[in-house]
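Listed below, chain by chain, are the residues.
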Amino acid sequence: MRVSAKTDYALRALLEMSSRTDGRPVSAEELGRLQDIPHGFLQAILADLRKAGVVIAQRGQSGGWRMNRDPADVSVADVIRAVDGPLVSVYGVRPEAVSYNEKAEVLQLVWIAARSSLRDVFENVSLANLAAASLPDAVTARTADEDAWQPH
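Description of the structure in this document. Every chain begins its residue count from 1, and numbering advances along the sequence as written. Given that the model is predicted, a residue must reach a pLDDT of at least 70 before its local features are reported, and side-chain atom pairs must reach 80 or more before they are shown or counted; all residues, however, enter totals for whole chains, interfaces and linings. Where side-chain values are given, they derive from all heavy atoms of the structure, hydrogens and water being excluded.

## Section: the packing of helix H3 (residues 39-51) against helix H4 (residues 76-84)
Using the following cut-off: Lines fitted to C-alpha atoms define the axes here, with helix axes fitted over just the stretch in contact, and angles between the N-to-C directions of these axes take values from 0 to 180 degrees. What counts as a helix is a DSSP run of H or I of at least four residues, what counts as a strand is a run of E of at least two, and both are numbered from the N terminus. For classification purposes, angles smaller than 35 degrees are called roughly parallel, those larger than 145 roughly antiparallel, those between 65 and 115 roughly perpendicular, and all remaining angles oblique. Take the far helix as your reference; a near helix turned counterclockwise from it by less than a right angle gives a left-handed crossing, and one turned clockwise gives a right-handed crossing. By the convention used here, residues are in contact when the closest approach between their heavy atoms is within 4.5 Å. Following the grouping adopted for this structure description, the nonpolar residues are Ala, Val, Leu, Ile, Met, Phe, Trp, Tyr, Cys and Pro, the charged ones are Asp, Glu, Lys and Arg, and the polar ones are all others, Gly among them.
Across the interface, H3 lies against H4 with an axial gap of 8 Å and an inter-helix angle of 115°. Between H3 and H4, the angle falls in the class roughly perpendicular. Handedness of the crossing formed by H3 with H4: right-handed. On H4, the residues that touch Ile45, Asp48 and Leu49 of H3 are Val79, Ala82 and Val83. Looking at the contact of H3 with H4, its residues break down into 5 nonpolar, no polar and 1 charged.

## A short note on helix H1 (residues 5-18)
Inclusion rule: A helix is expected to span 1.5 Å multiplied by its residue count minus one. We call a residue buried when its accessible area falls under 20% of the maximum for its residue type, exposed when it is over 50%, and partly exposed in between, using a 1.4 Å probe and counting protein chains only.
Compared with the 20 Å implied by 1.5 Å per residue over 14 residues, the 20 Å span of H1 between its first and last C-alpha is a close match. Those residues of H1 lying buried are Thr7, Tyr9, Ala10, Leu11, Ala13, Leu14, Glu16, Met17 and Ser18. Residues of H1 that are buried sit in contact with helix H2 (28-35), H3, strand S1 (55-58), strand S2 (64-67), H4 and helix H6 (127-131).

## A closer look at the nonpolar core
The condition is simple: Nonpolar core, defined: a set of buried Ala, Val, Leu, Ile, Met, Phe, Trp, Tyr and Cys residues in which side-chain atoms within 4.5 Å join the residues together.
Of all hydrophobic cores here, the largest spans 33 residues; its most connected members are Leu14, Met17, Leu46, Leu49, Val55, Met67 and Phe122. Where this core is concerned, the elements lending two or more residues are H1, H2, H3, S2, H4 and helix H5 (106-122). Excluding residues within four positions of it along the chain, Met17 makes contact with Val26, Leu31, Leu46, Val55, Trp65, Arg66 and Met67.

## A word on the side chain of Glu16
Definition in use: Under the counting rule used here, the positive set is Lys and Arg, the negative set is Asp and Glu, and His together with the chain ends is not counted. Salt bridges are identified by distance alone: a Lys or Arg side-chain nitrogen within 4 Å of an Asp or Glu carboxyl oxygen.
Along the chain, the position of Glu16 falls in helix H1. Here Glu16 is buried and forms no salt bridge, its nearest opposite-charge partner Arg20 lying at an N-O distance of 4.8 Å. Contact partners of Glu16, with chain neighbours within four places excluded, come to Leu31, Leu34 and Gln35.

## A word on the pattern of salt bridges
What the rule picks out here adds up to 10 salt bridges. Ionic pairing is found between Glu123 and Arg119, a salt bridge with its closest N-O pair at 3.9 Å. Exposure remark for Glu123: the relative accessible area of 38% places this residue in the partly exposed category. Take Arg119: its relative accessible area is 33%, and that puts it in the partly exposed class. Each of Lys6, Asp48 and Lys51 takes part in salt bridges that share partners, so that together they form one network.

## A word on unusual backbone geometry
Backbone geometry places Tyr91, a non-glycine residue, at a positive phi of 45°. Mapping Tyr91 onto the fold places it in the loop between H4 and H5. Taking the relative accessible area as the measure of exposure, Tyr91 reaches 62% and is therefore exposed.

Note that every value here comes from positions in space, so none of it alone points to a role or purpose.
Spelled out as structure tokens, the structure:
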């Protein structure tokens, strides 16, 4: 799986917002500076997150961006879907909608299984988990296997 720059930047910007205890909005300029995210790219990402209801923009002198939902209720999967679409797609089509001939139909099962595995992690890690640097035990356990760290 490839994690896009869009997803990485979105999660980093949301971590900045989620970690703020004062609840005040933060400007896109400050988010970009704190996380080294290009401004134009960040603006597009924030617009996607706003459309998904994850963040809200506040206008005015002390305006900026802030969370629209509790960070505990926003999963990594929610963020990926907001900025990049489905967790798994096969040439732009969801795995359950892909059709193959008899020889290749087993591939559909592979794509469905891969999506299920990704969901096990991405749907169970929230922005609150990330902000607290405290992942669920089931996710942390996956990193204990030395093979998980090897580039295959």
